[in-house]
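# Secondary and tertiary structure notes
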Amino acid sequence: MSNTAQNLFQFDTSTLVFALPEIFLLSSIVVILLIDVFLKKSFKNITYYLSQIAIFITALLSYSLIGNGEQIIFSGSFIHDDLAAIFKVAMMVASIVVLVYSRTYLNIHNLFKGEYFVLVLLAILGMMVMVSGYSLLTLYLGLEILSLSLYTLIAIARSRANAVEAGLKYFVLGAIASGLLLYGMSMIYGINGSLNISEIAQFASGASLQSSQQLILNFGLVFIVIGVAFKLGAVPFHNWVPDVYQGSPTSVTMFLSSVPKIAAVAMLIRLLIEGLGSLQDYWSDLFIALAILSIGVGSLVALMQSNIKRMLAYSTISHIGFILLGFATGTMTGYGSAVFYVFTYVLMSIAAFGVVILLNNKGFESELISDFKGLSKRSPWFALMMLIIMLSMAGIPPFIGFYSKFFILQQVVNSGFIELAIIAVIFAVISAYYYLQIIKSMYFDESDNTSPISSSMDTQLVLSINAVLILAVGLFPNYWMNIALSVF
Amino acid sequence: MISLSDYLILSSIIFCIGLVGIFINRKNIITLLMCVELILAAVNTNFIAFSHFLGNEAGQIFVFFILTVAAAEVAIGLAILTLMFRNRGSIDIDITSSLKG
């Protein structure tokens, strides 16, 4: 006993190196915020570049920590392992791309403010804490740093009534989700007396578990699953997704739809696989229900949308369904395919919103699917890019979206859920309709608007690379799949 | 002597009042914020009760953090609410809801 007490108070500064990416990012946020205060309005670009550099260095620091094995620091509340490092690098790269696309949009809609970038950085910090959290407390705090920054980011377009309403909706539903998650956490804490994930795992897999203890564990588990499903936007906890996607400024929607999903998946892995992995039989059933509902609702309701952001919101919901299906299989390869799916989803989602942002002009907010009419005449190159993205999202080979769906379904069939795989494929075919609808309006519909697409060089370059990657990664899926599998 | 289960029953009642309040009340956003606070109060009661009966302080530390986060959350919520009032001239949910589809 005295030994553990000593360990608790022992603080070895050499272990701080494993939290270096977080420490660096936090310090740079403070510095950038200070610098921004003293910048004149015409020099706000400097804040943007500093933020990009800060994210880039954080990515390098995270990358350099890959391969150090499992390191648990800060009295067991913070973990560094390959999963954390790889997830962090993926989040950083995605954030850099998101910020590159956002710049033009923010400029033409008068949202180019220092706060915007500081809030994005804070959200990233929260996600890093979520990915590395190894106790219920750190996971909750990371989640709240992320959520509080996102509420503010959405409402940053202060004069847009829709954005403020979206912010309020996300706020109310996000607060309820946190409350439910916390209630579940309090139950788990109450039954095993520790907040640490490793001690929870030890307790939950114990053979001497009484049936009443098992009952309370399951009770807490249900609340935690609901909380995670809320954050991921799985049906039936998806009500906020379409409204928030539609109301937010498109650059925020792009951020919201991509990077936080990686962090939410990481939180799911920490809580449900590493912590409550021995209850896998129980949460698998819940996940199957969530997954099938999400795939179904996401595919069917998206058919009726005329707003591209709403349509992509429902498409997100159906992608989340596939990710949950991968986790529901309960095998290591299944988890790996789900991780692979979330990375490819982020790649596609960022690219899709990037093209939507490209259609924005001064004083014109591109939101409708009909805005894509005649894009092949206005800009053949970007019409081709959108074609690749949409075909990939629909799951057509040889694009990356096909392989991510394929790996998931393969694992689902291997685990003996053949009916689930059939249902998922049927809905995937239905969802192809609305992706193809966009391709149709790009190539076959005439438009009054024939002005060519104007955007900055860096956006065009990054967007092209992004779309080509969807094709290129699709040619070598096994290499990337092995990386996704290596995190477990 | 008040037992652990008494505290748990109390907290679950508070939790249910908060949750039901959110779903019944479709009018006022301030009431929604109050209901969210009730849910967090229920969670805090749970943590403190468990912490006391287990003789483990971690739960009480957790409560400090929940209180801090709740304060920050309400500050942001009320700020968004003020923006809403400025844009729409009302904080009624029925009138203010324009995102549909």
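For the structure given in this document, a descriptive report is provided here. Please read all numbers here as calculations on a predicted model, not as lab measurements.

In this assembly, 40 residues from chain B lie in contact with 43 residues from chain A. Both faces combined, the contact of chain B with chain A buries some 3,600 Å², and carbon together with sulfur accounts for 76% of it. Put simply, chain B and chain A have one salt bridge between them. In this structure, the salt-bridge partner of R88(B) is E165(A), at a minimum N-O distance of 3.0 Å. Our enumeration of links across chain B and chain A arrives at six residue pairs in polar contact (both at pLDDT 80 or more).

Attention now moves to the pattern of salt bridges. Summed over all chains, the structure comprises 14 salt bridges over all chains. A salt bridge links R270(A) to E274(A); the nearest nitrogen and oxygen atoms lie 3.1 Å apart. Of this pair, R270(A) and E274(A) both sit in helix α11 (residues 250–275), four residues apart, roughly one helical turn. Residue R270(A) is classed as buried on the basis of its relative accessible area, which comes to 0%. Its salt-bridge partner being K440(A), residue D445(A) comes within 3.9 Å of it at the nearest N-O pair. Under the relative-accessibility criterion, K440(A) is labelled partly exposed at 44%. Members of the salt-bridge network, linked through shared partners, are E165(A), K169(A), D243(A), R310(A) and R88(B).

Now for helix α2 (residues 29–54) of chain B. Residues and elements named next belong to chain B. With 26 residues, α2 extends 38 Å between its outermost C-alpha atoms, agreeing within 8% with the 38 Å of an ideal straight helix rising 1.5 Å per residue. Between the side-chain oxygen at the start of α2 and the backbone nitrogen of I30 there is a gap of 2.8 Å, and the oxygen is on N28. Count one or two residues on from α2 and you reach G55, which has phi positive near 65°.

Moving on to the packing of aromatic side chains. Two aromatic rings are characterised by how far apart their centres lie and by the angle between their planes. According to the stated counting rule, one finds 31 aromatic pairs over all chains in the structure shown. Note on F327(A) and Y335(A): the rings are 5.9 Å apart at their centroids and 35° apart in plane angle, and the pair reads as tilted. F327(A) gets classed as buried once you look at its relative accessible area, which sits at 0%. What makes Y335(A) buried here is its relative accessible area of 5%. Ring plane angle 55° and centroid distance 6.1 Å describe the contact between Y7(B) and F53(B), whose orientation is recorded as tilted. Pair noted here: Y7(B) is in helix α1 (residues 4–24) and F53(B) is in helix α2, with a separation of 46 residues, a long-range link. Relative accessible area serves as the criterion here: at 35%, F53(B) is assigned to the partly exposed category.

This part covers a nonpolar patch on the surface. Residues and elements named next belong to chain A. On the surface, L26, V30, L34, V37 and F38 cluster together into a nonpolar patch covering about 540 Å² of accessible area. Take F38: it is sitting in the loop between α2 (20–37) and α3 (45–64). Residue class for F38 comes out exposed when judged on its relative accessible area of 70%.

Here we take up the packing of α2(B) against helix α3 (residues 58–88) of chain B. All names here are of chain B. Between α2 and α3, the least distance of the axes is 9 Å, while the angle of their chain directions is 175°. The angle between α2 and α3 places the two elements in the roughly antiparallel class. Across the interface between the two elements, I29, I30, L33, E37, L40, V43, N44, F47, I48, S51 and H52 of α2 pack against G59, Q60, F62, V63, I66, L67, A70, E73, V74, L78 and L81 of α3. Taken together, the residues that form the contact of α2 with α3 break down as 15 nonpolar, five polar and two charged.

Rules used in this analysis
- All residue numbers here refer to positions counted from 1 along the written sequence of the relevant chain.
- Throughout, the order in which chains and ligands are written sets their labels, letters from A for the former and numbers from 1 for the latter.
- Owing to the predicted nature of the model, reporting of local features is limited to residues with pLDDT of at least 70; listing and counting of side-chain atom pairs is limited to 80 or more, with chain, interface and lining totals taken over all residues.
- Only hydrogens and water are set aside when side-chain values are computed; all heavy atoms of the structure are taken into account.
- Note on contacts: a residue pair qualifies if any of its non-hydrogen atoms lie within 4.5 Å across the two residues.
- Note on terms: buried area is the combined drop in 1.4 Å-probe accessible area of two parts once they are placed together, counting the loss on both.
- Whenever a carboxyl oxygen of Asp or Glu lies within 4 Å of a side-chain nitrogen of Lys or Arg, that contact is scored as a salt bridge.
- Throughout this description, a polar contact denotes any pair of N or O atoms lying within 3.5 Å of each other; where both atoms belong to protein, one of them has to be capable of donating a hydrogen while the other can accept it, and for residues adjacent in sequence the pair is counted only when both atoms sit in side chains.
- Secondary structure follows DSSP: runs of H or I at least 4 residues long count as helices, runs of E at least 2 residues long count as strands, and numbering of each begins at the N terminus.
- Burial status follows relative accessibility: with a 1.4 Å probe on protein chains alone, a residue under 20% of its type maximum counts as buried, one over 50% as exposed, and anything between as partly exposed.
- Take the residue count of a helix, subtract one, and multiply by 1.5 Å to get its expected span.
- For Phe, Tyr and Trp, rings pair up if their centres lie within 6.5 Å, where Trp contributes its six-membered ring, and each pair is then called stacked (planes under 30 degrees apart), edge-to-face (over 60) or tilted (otherwise).
- In this analysis, a patch consists of residues with relative accessible area above 30% that form no salt bridge, clustered at 9 Å for like charges and at 5 Å for the nonpolar side chains Val, Leu, Ile, Met, Phe, Trp and Tyr.
- Areas reported as accessible are Shrake-Rupley estimates using a 1.4 Å probe. Residue values count occlusion only from the protein chains shown.
- Helix axes are fitted only over the stretch in contact, all axes being lines through C-alpha atoms; the angle between N-to-C directions runs from 0 to 180 degrees.
- Should an angle fall under 35 degrees it is called roughly parallel, over 145 degrees roughly antiparallel, and 65 to 115 degrees roughly perpendicular, with every other angle called oblique.
- Note that Gly is not counted as nonpolar here; it falls among the polar residues with everything else outside the nonpolar set of Ala, Val, Leu, Ile, Met, Phe, Trp, Tyr, Cys and Pro and the charged set of Asp, Glu, Lys and Arg.

Honestly, that's just the spatial picture; any functional story needs more than this.
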